[in-house]
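So the chains spell out like this:
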Amino acid sequence: MSAALLVADLGGTNCRLGLVAPGTDRIDDVRSIANDTASGFVPLVASYLDGRRIDRMVVAIAAPADGARIQLTNRDWVIDRDEITAAFGLSGLEIANDFEALGHALARPEALESVVMKPGAATDGTRIILGAGTGFNCSARLSNGSVVVCEAGHTTFAPVTDLDRRLQAELSAKYTRCSTERLLSGSGLREIHAMVTGKPVDAIDGKALIAAALSGQDAQARTSAEAFARMLGQVAGDLALLFQAGGGIWLSGGPTRALRPLLADPDGPFQRAFTEKGRMAPVMKTFPVHLVTSDQAAIAGCLSIATGTFKDGR
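Read on for an overview of the structure.

Here is what the cut-offs are and how they apply
Counting of residues starts from 1 at the beginning of each chain's written sequence and follows it residue by residue. Given that this is a predicted model, residues contribute local features only at a pLDDT of at least 70 and side-chain atom pairs are listed and counted only at 80 or more, while totals for whole chains, interfaces and linings are drawn from all residues. Excluding hydrogens and water, the side-chain values take into account all heavy atoms of the structure. What is meant by a nonpolar core is a set of buried Ala, Val, Leu, Ile, Met, Phe, Trp, Tyr and Cys residues, joined one to another through side-chain atoms within 4.5 Å. The buried label applies to any residue whose accessible area, calculated with a 1.4 Å probe on protein chains only, is under 20% of its type's maximum; exposed applies above 50%, and partly exposed to all values in between. The way it works is that DSSP assigns letters per residue, a run of H or I at least four long becomes a helix, a run of E at least two long becomes a strand, and they are numbered from the N terminus. The criterion used for residue contact is that any of the two residues' heavy atoms lie within 4.5 Å. In this context, the arc is that of the directions from the helix axis out to the C-beta atoms. Pairs of N or O atoms are called polar contacts if they sit within 3.5 Å, as long as, within protein, a hydrogen donor faces a hydrogen acceptor (for residues adjacent in sequence, only side-chain-to-side-chain pairs). Salt-bridge detection follows one rule: a side-chain nitrogen of Lys or Arg within 4 Å of a carboxyl oxygen of Asp or Glu. Here, a strand pair is defined by DSSP locating no fewer than two bridges between the strands. Between N-to-C directions, angles span 0 to 180 degrees; the directions come from axes that are lines fitted to C-alpha atoms, helices contributing only their stretch in contact. Aromatic pairs are defined between Phe, Tyr and Trp rings, using the six-membered ring for Trp, whenever the two ring centres lie within 6.5 Å; interplanar angles under 30 degrees are classed as stacked, those over 60 as edge-to-face, and all others as tilted. In our convention, an over-ring charge means Lys NZ or Arg CZ found within 6 Å of a ring centre and within 35 degrees of that ring's normal.

## Observations concerning the nonpolar core
Logical step 1: Core analysis: the largest hydrophobic core is formed by 48 residues, its most contacted members being Ile 128, Leu 130, Phe 136, Ile 249, Phe 270 and Phe 274.
Logical step 2: The element contributing the most residues to this core is helix α7 (residues 219-243), with eleven residues.
Logical step 3: Ignoring any residue separated from it by four or fewer positions in sequence, one finds Phe 274 in contact with Lys 118, Gly 233, Gln 234, Ala 236, Gly 237, Ala 240, Ile 249, Met 284, Phe 287 and Val 289.

Now the structure itself:
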């Protein structure tokens, strides 16, 4: 199959890719490829294409997307615009921050694979999407269709409980400061569990930890998972307030999806922390929260960028 457009979402751990045939708006042959299987982005894409030709590429990356050469935030790869263009003979290349692409995907949230975590009364106002995965970030789609990209993961974490304060002290000593991303990420969940159990961080498997927490058979794992969910609810609520996200909040990221039962519980740690904002609690209760259940949201945003459909408004 030949294709005019390749869309890709390059994260710190995996790269999701898909092909859009000329004259269509359907993304085909979607695959997720571990970055560890390639020495760089160009070899990874070349392996995926396996001789197929493309004319254009839109790439969402986990880093600020400015400049001719871009260093990924959570991986030792440099994205070189000239190298990519030459390697594939492209007539057009667009590189966007991954959360810019996710923000544009909110132009048509009904097209996203998502489920309601917390019902609410959505307005025509700002929509935000945030994600805890390899790192943490957020973007907002304003009512005029423009997208605002943040660096929310690099804000300073605000501790609330004794566990939070111990984590803040430990991670500040290790990294000079404790950012939100240090806790609301896959590695952050392991840091929380290390503090709860006293185990070395490197000895903790995140997937096994979540499975144990949800099984009800491991009290310490449950404590760690509930702490993560509470922190996520706290930060998600703060971001909803900052943006006045009456249009709704969408959650993304592997650890977030894995903890879905904790997020969906109306009396659970996520929703309690999300709504407990003092005098603003009545407002928080009106904000709907959704969970994106697919890894394809960012490549859908790339297609939206390529076709300009994000300009259609509401």
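The rest of the description comes next.
## Examining helix α6 (residues 206-215)
Logical step 1: Taken residue by residue, α6 has Leu 209, Ile 210, Ala 212 and Ala 213 as its buried positions. Along the long axis of α6, the arc covered by the buried residues comes to 165 degrees, so they all point the same way.
Logical step 2: Along its buried surface, α6 packs onto α5 (186-197), α7 and α8 (254-258).
Logical step 3: For α6, the N-terminal cap is Asp 205; the gap from its side-chain oxygen to the backbone nitrogen of Lys 207 is 3.1 Å.
Logical step 4: Positive backbone phi, at 80 degrees, marks Gly 216, one or two positions downstream of α6.

## Let's talk about the pattern of salt bridges
Logical step 1: A complete count under the given rule lists 15 salt bridges for this structure.
Logical step 2: Note that Asp 29 and Arg 31 form a salt bridge whose closest N and O atoms lie 3.0 Å from each other.
Logical step 3: Among the salt bridges present, the one from Arg 165 reaches Asp 162, with a minimum N-O distance of 3.0 Å. Taken as a pair, Arg 165 and Asp 162 lie in helix α4 (residues 162-175) at a separation of three residues, close to a single helical turn.
Logical step 4: Judged by its relative accessible area of 53%, Asp 162 falls in the exposed class.
Logical step 5: By sharing partners, the salt bridges in this structure join Asp 9, Arg 16, Arg 257 and Asp 295 into a single network.

## Section: the sheet that holds strand β8 (residues 114-118)
Logical step 1: Here we have six strands laid out as an open sheet, ordered β8-β13-β12-β9-β10-β11, and mixed in their pairing. At either margin of the open sheet sits one strand with a lone partner, and together these are β8 and β11 (147-149). Between one strand axis and the next, the sheet turns by 25 degrees as a mean value, whatever way the strands run.
Logical step 2: As paired strands, strand β10 (residues 136-141) and β11 are joined by three bridges and run antiparallel to one another. Within β11, the residue paired with Arg 141 across the bridge is Val 147.

## Describing the sheet that holds strand β7 (residues 92-97)
Logical step 1: Strand order in the open sheet formed by five strands is β3-β2-β1-β4-β7, and the pairing between neighbours is mixed. One side of each edge strand has no neighbouring strand; the edge strands of this open sheet are β3 (27-34) and β7. Strand-to-strand, the axes of this sheet are offset by a mean angle of 15 degrees, without reference to chain direction.
Logical step 2: As paired strands, strand β1 (residues 5-10) and strand β2 (residues 14-20) are joined by six bridges and run antiparallel to one another. Bridge pairing in β2 links Leu 5 to Val 20.
Logical step 3: Across the sheet, helix α2 (residues 81-88) is in contact with β4 (56-61) and β7; its angle to β7 comes to roughly 140 degrees.

## Topic: the environment of Arg 127
Logical step 1: Assignment of secondary structure puts Arg 127 in strand β9 (residues 127-132).
Logical step 2: With 108 residues separating them along the chain, Arg 127 and Val 235 place their C-alpha atoms 16 Å apart.

## Quick notes on the packing of aromatic side chains
Logical step 1: One pass over the structure, following the stated rule, counts one aromatic pair.
Logical step 2: For the cation-ring pair, Arg 182 lies above Tyr 175, with the distance from its terminal atom to the ring centre recorded as 3.6 Å.

## Here we look at the pairing of β9
Logical step 1: The buried fraction of β9 is high, at six of six residues.
Logical step 2: Going residue by residue along β9, you find Arg 127, Ile 129 and Gly 131 tucked away on one face and Ile 128, Leu 130 and Ala 132 tucked away on the opposite face as well.
Logical step 3: Note that β9 and β10 share six bridges and pair antiparallel. Within β10, the position partnered with Ala 132 by the bridge is Phe 136.
Logical step 4: Linking β9 to β10, which pair antiparallel, is a turn of three residues.
Logical step 5: Examined bridge by bridge, β9 and strand β12 (residues 248-252) share five bridges and lie parallel to one another. The residue of β12 that forms the bridge with Leu 130 is Leu 251.

Purely spatial values, then, with no claim about function.
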